[in-house]
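Breakdown of the fold
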Amino acid sequence: MADSRATIIPRAEHCISRSSMSEQAIKVLYGLKKAGFQACLVGGGVRDLLLGLEPKDFDVATDASPEQVKETFRNCRLIGRRFRLAHVGYGRNIIEVATFRANLEPEGDDVHVENGRIIRDNAFGNIEEDVWRRDFTVNALYYDIKNFSVIDYVNGYDDLKQGVLRLIGEPTERYHEDPVRMLRAIRFAVKLGMRIEEKTEAPIFELAHLLTDISPARLFEEILKLFHSGKALQTFESLRHYGLFAPLFPQTEAILAEEAEGFPHTLICEALKSTDRRIASGKPVTPAFLFAAMLWEPMQAAMAPMLEQGMPAIQAIQAATDQAFSKQRQAVSVPRRFAIMVKEIFVLQARLMHRSGKRALRTLEHPRFRAAYDFLLIRAIADDSLSEYAQWWTKIQDCDNAGREAMLLPNENKKGRRRGRHKPKSI
Ligand code: ATP
Ligand code: MG
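Rules and cut-offs
Residues numbered from 1 in each chain as written. Chains lettered and ligands numbered in written order. Predicted model: local features only at pLDDT ≥ 70, side-chain atom pairs only at ≥ 80, totals over all residues. Heavy atoms only, no water. Domains from an automatic or database assignment. Pairing = 2+ DSSP bridges. Helix = DSSP H or I, 4+ residues; strand = E, 2+ residues; numbered from the N terminus. Axes fitted to C-alpha atoms, helices over the stretch in contact; angles between N-to-C directions. Donors = N, O, S within 2.8 Å, 3.2 Å for Na, K, Ca; no water. Buried < 20%, exposed > 50% of the residue type's maximum accessible area, 1.4 Å probe, protein only. Salt bridge = Lys/Arg side-chain N within 4 Å of Asp/Glu carboxyl O.

**Points about the domain arrangement of the protein**
Parsing the protein into structural domains produces domain 1 (1-161) and domain 2 (260-407). In this structure, domain 1 and domain 2 have C-alpha centres spaced 43 Å apart.

**Let's talk about the sheet that holds strand E3 (residues 59-62)**
Spatially, E1-E10-E9-E2-E3-E6-E5-E4 is the arrangement adopted by the eight strands of the open sheet, whose pairing is mixed. Pairing within the sheet leaves two strands with one partner each, and these edge strands are strand E1 (7-9) and strand E4 (76-79). Neighbour-to-neighbour, the strand axes of the sheet open up by a mean angle of 30 degrees, direction not taken into account. With three bridges connecting them, strand E9 (residues 141-144) and strand E10 (residues 150-152) associate as antiparallel partners. By the bridge assignment for E10, Tyr142 is matched with Ile151.

**A look at the coordination of the magnesium ion (ligand 2)**
On the protein side, the magnesium ion (ligand 2) has Asp57 (OD) and Asp59 (OD) as donor atoms, found 2.1 to 2.7 Å from it. Residue classification places Asp57 among the partly exposed positions, given a relative accessible area of 36%.

**Looking at the pattern of salt bridges**
For side chains of opposite charge, pairing can occur when their charged atoms come near one another. All chains considered together, the criterion is met by 20 salt bridges. For Glu388, the salt bridge goes to Arg355, with nearest N and O atoms at 3.2 Å. Here Glu388, found in helix H20 (residues 387-397), pairs with Arg355, found in the loop between helix H17 (336-351) and helix H18 (357-365); they are 33 residues apart in sequence, far enough to count as distant. For Arg355, a relative accessible area of 3% puts it in the buried group. Each of the salt bridges in this network shares a partner with another, and the network as a whole consists of Asp130, Arg133 and Arg134.

Right, dumping it as structure tokens:
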């Protein structure tokens, strides 16, 4: 299938300059060249530089084998089984170096395909062969350190200029090989403001279910890339449009499907907008907040029968959160520390309903207060009955100790709470 007629875009005709690459990437490219190997920047690094964006990471492709890469650099580690790769560098400055891969056929010791899915892909090849196993044409441009030109076998440079996201090869086959490519299509289309070309787009609706076969750990990584891209809201709407949200968050989708524009939808959209705002202003984000937004309603649904059976509220929230996470984990693995944080945020939602006595003051001191308060603010946008609470917790944070004491409400524990005068329905 390899086509040797590459378009070469010489240095003078493109905008990639070495000064916009990381020092470590340049070191790796020159290091390989000096050792007599071919070395190219490839993938998102080339794509983003051509678009005038700052690349998230720099990937290098070479004709050196992983072992040869290891021999070339002192600070090199070999990783991966499915794709054997070399990592050069330390900490944040790791450059991923991949050896050119050959065509997938015929299957042999180095390549393993099951039901059309690539399980192992370690047959090394040359650059012309490497091109065809990449996903989108705009991700298959090679910046050659030898003469600073961009090598293009698949018309990726034109697609990039036109803003078109196009899979290389036959889309249905390529999605079967690796269903995660469907998520990548959405991610790049949203992030780069590109249009998904018709033939690349059409099969997604029918093949979205293939994601249920992907390892939950890999899906967790993809979810972070999708929702921490700075365009989480748009990504969410797009994933739902293509039917890709259901395999990622089955319980959430079941609830959203029932309530088209209702409270759960508003809550999620507000949470995602808030994540996008935080990223835009350079603030840190945690996956716990995303999972809190997605699992709040499933948790409520699981909690209702527990409360009916007389389980105390806090205990019910904890048990219902565990239940929601155990279902979620069948699709996407969520590291324990985030699940614990979500549980704390949920339990605190109940505590935030109490604005009297020492207990309220202690809530303010809770290490997870800030996250829980942020979550309450989001809920309050979606549910008016909570805005009184949101305002009260906003105000009390600005008070000194005496002011805080003065704000405390008379003990709600006695009659008020039982009658549930101001108590919103959900907790
Ligand atoms: P970004 O790093 O901005 O998320 P990227 O395109 O660099 O985007 P990576 O996951 O870093 O994405 O992958 C680097 C390159 O490897 C891609 O550009 C693409 O050429 C190739 N690639 C990655 N994942 C796949 C895949 N699932 N199928 C085919 N090719 C892939
Ligand atoms: Mg990359």
